[in-house]
Amino acid sequence: MGESTTAITDKKGLANLDVFSDTLQKLAATDRNILVVTSDSRGSGKLVPFGQKYPKQLIEIGIAEQNLVGVAAGLASTGKNVFAVSPACFLTARSFEQIKTDVAYSNNPVRLVGISAGVSYGALGSTHHSLHDFAALRAVNNLTIVAPADNFETEQAIRQAAQLDTPIYLRFGKKPMPLLSEENCRFAFGKGRIVNEGDDLILVATGEMVYPALQAAQQLEALHGIRSTVISMHTIKPLDYELLTAVAAKGCPIITIEEHSIYGGLGEACASFLLTSGFRNRFKIMGIPDEYTVTGSQTEILTHYGLSEDGITKEALGLLSKA
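Presented here is a report on the structure given in the accompanying data block. (Residues numbered from 1 in each chain as written. Predicted model: local features only at pLDDT ≥ 70, side-chain atom pairs only at ≥ 80, totals over all residues. Heavy atoms only, no water.)

Glancing now at the overall build of the protein chain. Scanning the protein chain from N- to C-terminus turns up twelve helices and 13 strands. Scaling as 2.2 N^0.38, a compact globule of 323 residues should have a C-alpha radius of gyration of about 20 Å, and the protein chain matches this with 19 Å. Along the three orthogonal principal directions, the C-alpha set of the protein chain runs to about 60 × 35 × 35 Å. Counting every position in the protein chain, which comprises 323 residues, the buried fraction comes to 56%. Sequence-distant contacts, at least 24 apart, represent 78% of the contacts inside the protein chain between residues at least 6 apart. Carbon and sulfur atoms make up 50% of the accessible area of the protein chain, which amounts to about 12,900 Å² in all. Side-chain charges in the protein chain split into 28 positive and 33 negative, and the spacing between the mean points of these groups amounts to 4 Å. (Helix = DSSP H or I, 4+ residues; strand = E, 2+ residues; numbered from the N terminus. Rg over C-alpha atoms; globule rule 2.2 N^0.38 Å. Buried < 20%, exposed > 50% of the residue type's maximum accessible area, 1.4 Å probe, protein only. Contact = heavy atoms within 4.5 Å. Areas by Shrake-Rupley, 256 points an atom, 1.4 Å probe, with all protein chains shown as cover. Lys, Arg positive; Asp, Glu negative; His and termini not counted. Charge placed at Lys NZ, Arg CZ, Asp CG, Glu CD.)

This model, assessed by the stated rule, comprises one cavity of 30 Å³ or more. Around the largest cavity, the lining comprises 13 residues; the ones closest to its centre are R171, G173, G207, E208 and E259. Taken together, the residues that form the lining of the largest cavity break down as four nonpolar, six polar and three charged. (1 Å grid on protein atoms, 1.4 Å probe; cavity = no way out; pocket = protein on both sides within 12 Å on 5 of 7 lines; lining within 4 Å. Points joined across faces, edges and corners; volume = space filled by probe spheres on them. Nonpolar A, V, L, I, M, F, W, Y, C, P; charged D, E, K, R; others polar.)

On to the packing of helix 9 (residues 241-248) against helix 10 (residues 266-276). Packing of helix 9 against helix 10 leaves a shortest axis separation of 11 Å and a crossing angle of 65°. Taken as axis vectors, helix 9 and helix 10 run roughly perpendicular relative to one another. The handedness of the crossing between helix 9 and helix 10 is right-handed. Of the residues in helix 10, those touching helix 9 at Y241, L244, T245 and A248 are C270, F273 and L274. (Axes fitted to C-alpha atoms, helices over the stretch in contact; angles between N-to-C directions. Parallel < 35°, antiparallel > 145°, perpendicular 65-115°, else oblique. Left-handed = near helix turned anticlockwise from the far one by under 90°.)

This part takes up the environment of I257. Mapped onto the elements of the fold, I257 is located in strand 12 (residues 254-261). Residue class for I257 comes out buried when judged on its relative accessible area of 0%. For I257 and G318, which are 61 residues apart along the polypeptide, the C-alpha to C-alpha distance reads 15 Å. When neighbours within four sequence positions are excluded, I257 is seen to be in contact with L203, V204, A205, T206, M209, A213, L266, M286, L307 and I312.

In this section: the packing of helix 3 (residues 65-77) against helix 5 (residues 96-105). Helix 5 packs onto helix 3 with a crossing angle of 5° between their chain directions and a minimal axis gap of 9 Å. Classified by the angle between their axes, helix 3 and helix 5 sit roughly parallel to one another. Contacts between helix 3 and helix 5 involve Q66, V69, G70 and A73 from the former and Q98, I99, D102 and V103 from the latter. Among the residues forming the contact of helix 3 with helix 5, the class breakdown is four nonpolar, three polar and one charged.

On to helix 7 (residues 151-161). Within helix 7 the residues assigned to the buried category are N151, E153, T154, A157, I158 and A161. Mapping the buried residues of helix 7 onto a view down its axis gives an arc of 160°, with all of them on the same face. Its side-chain oxygen placed 3.4 Å from the backbone nitrogen of F152, D150 serves as the N-cap of helix 7. (Arc of directions from axis to C-beta. Polar contact = N/O pair within 3.5 Å; in protein donor to acceptor, adjacent residues only side chain to side chain.)

To continue, consider the environment of N16. You can see N16 is positioned in helix 1 (residues 16-28). Assessed through its relative accessible area of 2%, N16 is described here as buried. Distance in space between the C-alpha atoms of N16 and K175 is 7.6 Å, their sequence separation being 159 residues. With residues near it in sequence (within four places) discarded, N16 still touches P148, A149, D150, N151, T154, F172, K175 and M177.

What follows is about the pairing of strand 4 (residues 81-87). Remember that side chains alternate between the two faces of the sheet whenever the strand is regular. Extensive coverage of strand 4 is indicated by the burial of seven of its seven residues. The pairing of strand 2 (residues 34-38) with strand 4 spans five bridges and is parallel. What sits directly across from V36, in strand 4, is F83. Of the pairings in the sheet, the one linking strand 4 to strand 5 (residues 111-115) comprises five bridges and is parallel in character. The residue of strand 5 that forms the bridge with F83 is R111. (Pairing = 2+ DSSP bridges.)

That's the geometry; what it means functionally is another story.
See below:
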């Protein structure tokens, strides 16, 4: 099998939302234009400390997500540096018209922050799952879409988002995330991050799915001698076409992994580009299938759909056996 460079750490990190909140507090200390607008979600968004420290810079709209986005767009139009924070399932569905028209089409640089994304809300059921946000927002012009994988990517994403003069959607889950790598600590929107290298298989993951992809890569190498390149494709739009081209040129199978519907997300974005560019690598999209989602904890749901270390390993072995 091909050569591999493994970059997996055992260091335990915080929940990315904790890093989001801490980074915002640091930025607000020197930028009084930073405003946080929430929809009764300061607790779930880990923003209580921010509100205590900067009470005049946090605006509570209540459970009225459409108003949340409208107010955020209005504030951004006056030069305020606005972060609009709400559960991803409601922010991107209930407020879609406002995101499209008031934020993206009007080029108001709102930082839309979708919290508890994917199946983070677990047992609350399908109404609280956000499996549509990539699909819906990818179709909107003038909107960057980012799902950080670990604490490093989260801090960098928030700091860089605060400097943007265009709209952005940032997606976060809830659970603590291990630090992925200490060897490739470069982050830029639109540029995927290689966190493991190998010549036998390509695993392209986003958000909280990057860590189980790394675990699967480790298992595949230890038990089967299969060495995988693992990419944290934190930016869903614009996608890193240059990196995809480079790894697809190896000719090995490609698996995409996302905590999202198999329709309209990372997998279909990658597949569309690769197919229209002439690549014919064996390809598999891993995500939530088009069905009534099972109910359970986040871990139980992800395990049920194979979005785990063992599930990814099983899919990889099946795809490789078709050679």
